[in-house]
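A look at the structure
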Amino acid sequence: MMNGITLELLWRRLISMVDEAAASLVRTSFSSIVRESNDFACVVTDAQGQSIAQASNSIPSFIGTAPRTIRAFLAAYPESELEEGDILITNDIWLGTGHLPDITVGKPIFRNGKLVAWAGSVAHAPDIGGRVRSADATSVFEEGLQIPVMKVLRAGKIDATLERIMRQNVRVPDQLMGDLYAQFTGLALMERQTLALMDEYGLETLEDLSQELRSRSETAMRNAIRELRDGTYHAEAISDGIDAPIRLKLALTVKGDEMLLDFAGSDAQVQKSINVCLAYTTAYTSYGVKAVLCPDVPNNDGALAPLTVTAPEGSILNSLPPAAGGARALIGHFLPAMVVNALAQVVPDKVIAGVGSPLWCINMAGTRPDGRGFANLFFLNGGYGASAKSDGVNVLSWPSNISSTPVEIIEQLSPLKVHHRRFRDIEQANGMHRGGTGQELLLESLSENPATMSFMAERTRPESATPGFAGGQSGAPGEILIDGVKINPKAQQIVKLGTKVLLRTPGGGGFGDAKSRPAELIEQDQVRGYAK
């Protein structure tokens, strides 16, 4: 067993390595998705694909799925079929993150001819072909190019055929390949730094370090679970769905130092693109547990060992091919909140009211006057949930940590004019502490040619509004209007020159009885212009 001081030094070094790789990925990326909105992850695993460390700004879903994908790489290419300079790639929905735009790459790291670790990266590509991403695709075959597990680099040399195929199938080939090469840059940095660390500390393998880090995280998680009262705690959620709301059910069972999270009873998968693969379900469910019980414990596979996540095959949370998954976040982002609601029954002091998520985004694609295509993706966040101690932040991402795209980037990269972006007005506070207001964004199309626009938007029905807690009221539902008319947020839209699009993201849930709201907070809302 390593002593605590050495272990802490190694842990901090590992985190600095992956953080530096993340910074290099951001600096060298071509698209605003990575550069401005943080939709990526960088990880280091041991030789077996067990997670050791992730970059601090990686998003929760990717740090949960990336090790699984690396283990899928190992299953397809055992060590005997790998060599220095190889990089493997896939965007397979069921082996990766659940939708095709997320490209996972992994680089085996060799020392003295032996596989000792993996460097991994996941990034949301600016385009992957197929129809413009929306919630109404009916199968994965509509959603773009599928890349099986394969080598994109062999001994350091790019697979030129794969690159030609990728370029031919997307609207913005230079952005796509630019981001992919940025991922390669991050992998090379992690490889170089990992080998330098092993040289400095005289480590022939990372197995002992990996085992020590994972065992300590596992122990911390087991101790946190053991403090809970044994029993089964239930939670439900209702999403907008497509033609009808989708119902999700969770039974969270605590038994000793282990936890079973079972989604039996949730609705079946649908012939639209809101289906969630089990890897994504597991990632966000586990994140919810860790966020409540031991948020400060190092992230690695050890912290997940006491957790078992299940969902019936063919359900909306364990989809089977060829189910579409392009908009899986519209369902998957409900899962951490369901975990929070279940655990609120046993640790109410550690939870907040509902958050105005899932994350919203705008997809826009078309042709410029000179014939060049464009494809853009911009993110928006809703209001954060209130707590017993404070109001919710007016606009904040959760459970993902993806940033709202800056106005300047929207106008620079796309034929859109932003008339305003501001906090939503509130009629009155929805709790002793109110939820975040959410935001309002008014856009105007400047595209001389008709363009396709679609939205990832949720909580637009009253029954799916963000729930309050401890007597707090729901947050305001979201809405989208085109030229003043409410539209179906799950359907693709054609916008013309001068078309105006107004988006209002959902507000956060309130905490406590609104009648108990302190007078100074009521005045503060009026002074800051939140209340009408």
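In this report, the structure presented in the accompanying data block is examined. Bear in mind that the values here come from a model prediction, so they are computed numbers and not experimental data.

**As for the sheet that holds strand 16 (residues 451–456)**
A sheet is described by the order of its strands in space; here 4 strands give the open sequence 13-12-16-19, paired in antiparallel fashion. The open sheet has two edge strands, strand 13 (373–380) and strand 19 (493–495), and neither has a second partner. Across the sheet, the mean angle from the axis of one strand to that of its neighbour is 25°, orientation sign disregarded. Of the pairings in the sheet, the one linking strand 16 to strand 19 comprises 3 bridges and is antiparallel in character. Considered in strand 19, the bridge of Thr452 is made with Ile494.

**Looking at the environment of Asp19**
Looking at the element boundaries, Asp19 is found in helix 1 (residues 4–28). Looking at Asp19, the relative accessible area reads 26%, which means it is partly exposed. Apart from the residues lying within four places of it in its own chain, the contact partners of Asp19 are Ala55 and Ser56. For Asp19, the side chain forms a polar contact with the main-chain nitrogen of Ser56, separated by 2.6 Å.

**Considering helix 3 (residues 60–76)**
Taking 1.5 Å of rise per residue, the 17 residues of helix 3 would be expected to cover 24 Å, and the 25 Å separating its terminal C-alpha atoms lies within 8% of that figure. Largest kink in helix 3: about 25°, centred on Ala66, with the proline Pro67 one to four residues after it. Among the 17 residues that make up helix 3, 13 are buried, leaving the element largely enclosed by the rest of the structure.

**Section: the side chain of Arg517**
Of note, Arg517 is situated in the loop between strand 20 (500–504) and helix 12 (519–527). A polar contact is formed between the side chain of Arg517 and the side chain of Asp391, at a distance of 2.9 Å. The contact partners of Arg517, leaving out residues within four places of it in the chain, are Asp391, Ala429, Gly431, Met432, His433, Arg434, Ile522 and Asp525.

**Overview of helix 10 (residues 335–343)**
For helix 10, the buried fraction is high: 8 of the 9 residues fall into the buried class. What helix 10 keeps buried is the set Leu335, Pro336, Ala337, Met338, Val339, Val340, Ala342 and Leu343. In this structure, the buried residues of helix 10 make contact with strand 8 (231–239), strand 9 (246–255), strand 10 (258–262), helix 7 (278–293) and helix 9 (329–332).

**Here we look at the sheet that holds strand 20**
Spatially, the 5 strands line up as an open sheet ordered 14-15-20-17-18, and their pairing is antiparallel. Single-partner strands in this sheet number two, and they are strand 14 (416–423) and strand 18 (485–486). Where strand 14 and strand 15 (residues 439–445) come together, 7 bridges link them in antiparallel fashion. Residue Phe423 lies in a different strand from strand 15, and its bridge partner there is Gln439.

**A short note on unusual backbone geometry**
For the bond from Pro321 to Pro322, the omega torsion is 5°, close enough to zero to count as cis. You can see Pro322 is positioned in the loop between strand 11 (307–310) and helix 9. In this structure, the amide linkage connecting Ser357 to the following residue, Pro358, adopts the cis form with an omega of 10°. In this fold, Pro358 is placed in the loop between helix 10 and strand 12 (360–367).

**Thoughts on the packing of aromatic side chains**
Inspection of the entire model under this criterion finds 7 aromatic pairs. Between Phe73 and Trp118 the ring centres are 6.3 Å apart and the planes differ by 35°, which places this aromatic pair in the tilted class. Of the two residues, Phe73 sits in helix 3 while Trp118 sits in strand 5 (residues 114–124), which places them 45 residues apart along the sequence. Neither Phe73 nor Trp118 differs from the other in exposure class; each is buried. Here Phe423 and Tyr530 contribute two aromatic rings whose centre-to-centre distance is 5.6 Å and whose plane-to-plane angle is 80°, an arrangement assigned as edge-to-face. Of the two residues, Phe423 is situated in strand 14 and Tyr530 in the segment after helix 12; the sequence distance between them amounts to 107 residues. Aromatic ring contacts, followed pair by pair, group Tyr280, Tyr284, Tyr287 and Trp398 into a single cluster.

Definitions and limits used
Counting restarts for each chain, with residues numbered from 1 along the sequence as it is written. Only residues with pLDDT of 70 or above have their local features reported here, since the model is predicted, and side-chain atom pairs are shown and tallied only from 80 upward, although totals for entire chains, interfaces and linings are computed over all residues. Derived side-chain values reflect all non-hydrogen atoms in the structure, with water molecules and hydrogen atoms excluded from consideration. Note: two strands are recorded as paired if DSSP finds a minimum of 2 bridges between them. Strands are runs of DSSP state E lasting at least 2 residues, helices are runs of H or I lasting at least 4, and numbering of each runs from the N terminus. In this analysis, axes come from line fits to C-alpha atoms, helices being fitted only over the stretch in contact, and the angle between any two N-to-C directions falls in the range 0 to 180 degrees. When a residue's accessible area, from a 1.4 Å probe over protein chains only, is under 20% of the maximum for its type it is buried; when over 50% it is exposed; and in between it is partly exposed. The criterion used for residue contact is that any of the two residues' heavy atoms lie within 4.5 Å. What qualifies as a polar contact is a pair of N or O atoms within 3.5 Å, subject to a donor-acceptor requirement within protein and to the restriction that residues adjacent in sequence count only when both atoms come from side chains. Multiplying 1.5 Å by the helix residue count minus one yields the expected span of that helix. Throughout, the bend at a residue refers to the angle made by two axes, fitted to the seven residues ending there and to the seven starting there. Each aromatic pair joins two rings of Phe, Tyr and Trp (for Trp, the six-membered one) with centres within 6.5 Å, and gets the label stacked for planes under 30 degrees apart, edge-to-face for over 60, and tilted for any other angle.

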